[in-house]
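Residue-level listing of the chains:
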Amino acid sequence: MAARGGPSAYARSVLRIIDARTGEPVDAAPARRGLTRIEAHTEGFDVTALRILLVADLLVRALELGGTPVWALLDEERQQAELRAGAAALGVRPFEDGRDAASGLGESQVLHVVREGGAEPDGVRVTVAPVHSEAPPAEADPAALRLALLSRRRSVPVRLDTAALADAHDTLVRWRRAVAGWAQRPSRPIPDEVRTELRTAWEDDLDVPGVLGVLRWVESAPDLPDGARFETYAYADRLLGLDLTHDLGTSS
């Protein structure tokens, strides 16, 4: 277990990702401080394409949290406007156009995020299972949609229905209210064991459901100061991108 306050313990990401070509884990950033290129191959516009972009966004966030520079690209010729608008609504940060980036910038690793059974570019392939929904739900809260898509590992298909979106919405509302309340208490550091559990989860092939499980435990863990709960949620949200501090200042 890392010593409290030791900055070197988290200075570099050790994210390991399963390469679909071999079924074996590889370092997402094999060279210290070396550039990692992430290419999202969406193959048109549907909810699975948005999930591909979301997984690519999570890779970017996880690597940046570990101090790795990242170059994020979208390799798509069709429906780029719809893809970019849908991704922006989900809180996915903008990707550069990857169609003219074949020469690269001397990156030490290239990760291709592709749909299951889809494109097979050379290099490490990160596959994303399908979303069973014909189109992005028109009335869905984008943050709740993001949480619903994060609630399954990327290798597991997601069925977006009314129940799944309602559950995600209710969880998001509850957590945002809780975070706003905890923010009014004295700040406390994230316990070392909690930070370790979070990092262990997301560095294990982007086990985001594992991260969410840690947050559920922290939400009601006995003897954990509310200030530590707040810091834990704020830290995890740097990966999750759910705007969990949205209600700050609104709690009575």
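Preceding block: the structure.
Residues numbered from 1 in each chain as written. Predicted model: local features only at pLDDT ≥ 70, side-chain atom pairs only at ≥ 80, totals over all residues. Heavy atoms only, no water.

S.K.: I tried to follow the pattern of salt bridges on my own but got confused; where do I start?
M.R.: Opposite charge on two side chains allows them to pair when their charged atoms are near. Enumeration over the complete set of coordinates arrives at 15 salt bridges. As a salt-bridge pair, aspartate 27 and arginine 16 come within 2.7 Å of each other at their nearest N and O atoms. Placement of aspartate 27 in strand β2 (residues 24-27) and of arginine 16 in strand β1 (residues 16-19) is noted, with a sequence separation of eleven residues between them. Take arginine 16: its relative accessible area is 35%, and that puts it in the partly exposed class. Notably, a salt bridge pairs arginine 21 with aspartate 19, separated by 2.6 Å at the nearest N-O pair. A relative accessible area of 44% places arginine 21 in the partly exposed class. A relative accessible area of 1% means that aspartate 19 is categorised as buried. A network of salt bridges, in which partner residues are shared, links Asp57, Arg61, Glu64, Arg93 and Arg146. (Salt bridge = Lys/Arg side-chain N within 4 Å of Asp/Glu carboxyl O. Helix = DSSP H or I, 4+ residues; strand = E, 2+ residues; numbered from the N terminus. Buried < 20%, exposed > 50% of the residue type's maximum accessible area, 1.4 Å probe, protein only.)

S.K.: Explain the nonpolar core here, please?
M.R.: Core analysis: the biggest nonpolar cluster contains 74 residues, and Ile38, Leu59, Val113, Leu160, Leu198 and Leu240 have the highest contact counts within it. Considering each element in turn, this core owes the most residues, 14 residues, to helix α1 (residues 47-65). Other than its neighbours up to four places away in sequence, valine 113 contacts Ile38, Glu39, Ala40, His41, Ile52, Val55, Ala56, Leu59, Val126 and Val128. (Core = buried A, V, L, I, M, F, W, Y, C linked by side-chain atoms within 4.5 Å. Contact = heavy atoms within 4.5 Å.)

S.K.: Explanation requested: the packing of aromatic side chains in the structure shown.
M.R.: Each aromatic ring pair is summarised here by two numbers: the centre-to-centre distance and the angle between the ring planes. Within this structure, the stated rule accounts for three aromatic pairs. On the basis of an interplanar angle of 70 degrees and a centroid distance of 5.0 Å, the ring pair of tryptophan 182 and tyrosine 233 is categorised as edge-to-face. Of the two residues, tryptophan 182 sits in helix α4 (residues 162-182) while tyrosine 233 sits in helix α7 (residues 226-240), which places them 51 residues apart along the sequence. The same class applies to tryptophan 182 as to tyrosine 233, namely buried. For the ring pair tryptophan 202 and tyrosine 235, a centre distance of 5.7 Å and an interplane angle of 40 degrees mean the geometry is tilted. With a gap of 33 residues between them, tryptophan 202 in helix α5 (residues 192-202) and tyrosine 235 in helix α7 connect regions that are remote in the sequence. Assessed through its relative accessible area of 8%, tyrosine 235 is described here as buried. Three or more aromatic residues joined by ring pairs make a cluster, and in this case those are Trp175, Trp182 and Tyr233. For the cation-ring pair, arginine 195 lies above tyrosine 235, with the distance from its terminal atom to the ring centre recorded as 4.7 Å. (Phe/Tyr/Trp six-rings, centres within 6.5 Å; stacked < 30°, edge-to-face > 60°. Lys NZ or Arg CZ within 6 Å of the ring centre and 35° of its normal.)

S.K.: What should I look at first to understand α7 in this one?
M.R.: For the α-helix, the turn length of 3.6 residues means that residues three or four positions removed from each other point alike. The end-to-end C-alpha distance of α7 is 20 Å, a good match for the 21 Å that 15 residues give at a rise of 1.5 Å each. For α7, the tally of buried residues reaches eleven of 15 residues, placing the bulk of the element in the interior. The first or second residue beyond α7 is glycine 241, which carries a positive phi of 65 degrees. (Expected span 1.5 Å × (residues − 1).)

S.K.: Help me understand α1 in this model?
M.R.: Under the 1.5 Å per step criterion, the end-to-end length of α1 is 27 Å for 19 residues, consistent within 8% with the ideal 27 Å. The backbone nitrogen of threonine 48 lies 3.2 Å from a side-chain oxygen of the residue at the head of α1, namely aspartate 46. Positioned one or two residues after α1, glycine 67 has a phi angle of 85 degrees, which is positive. (Polar contact = N/O pair within 3.5 Å; in protein donor to acceptor, adjacent residues only side chain to side chain.)

S.K.: Mind showing me how you'd approach the packing of α5 against helix α6 (residues 208-220) here?
M.R.: In helix packing, the relevant descriptors are the interaxial angle and the interaxial distance, both defined with respect to the helix axes. Where α5 meets α6, the axes come as close as 8 Å, and the angle between the chain directions of the two elements is 160 degrees. Taken together, the axis directions place α5 and α6 in an arrangement best described as roughly antiparallel. Contact with α5, carried on its side by Val194, Glu197, Leu198, Ala201 and Trp202, involves Gly210, Val211, Val214, Leu215, Trp217 and Val218 of α6 and no other residues of that element. Partitioned by chemical class, the residues of the contact of α5 with α6 number nine nonpolar, one polar and one charged. (Axes fitted to C-alpha atoms, helices over the stretch in contact; angles between N-to-C directions. Parallel < 35°, antiparallel > 145°, perpendicular 65-115°, else oblique. Nonpolar A, V, L, I, M, F, W, Y, C, P; charged D, E, K, R; others polar.)

S.K.: In this structure, what is going on with the sheet that holds strand β3 (residues 36-41)? I would like to understand it.
M.R.: One open sheet holds the five strands; their spatial order is β5-β4-β3-β6-β7, and the pairing between them is parallel. Since the sheet does not close on itself, it has two edges, and those belong to β5 (96-97) and β7 (124-128), each with one partner. Sheet topology note: the strand β6 (residues 109-115)/β7 ladder contains five bridges and is parallel. When the sheet's bridge partners are listed, leucine 111 is paired in β7 with valine 124. (Pairing = 2+ DSSP bridges.)

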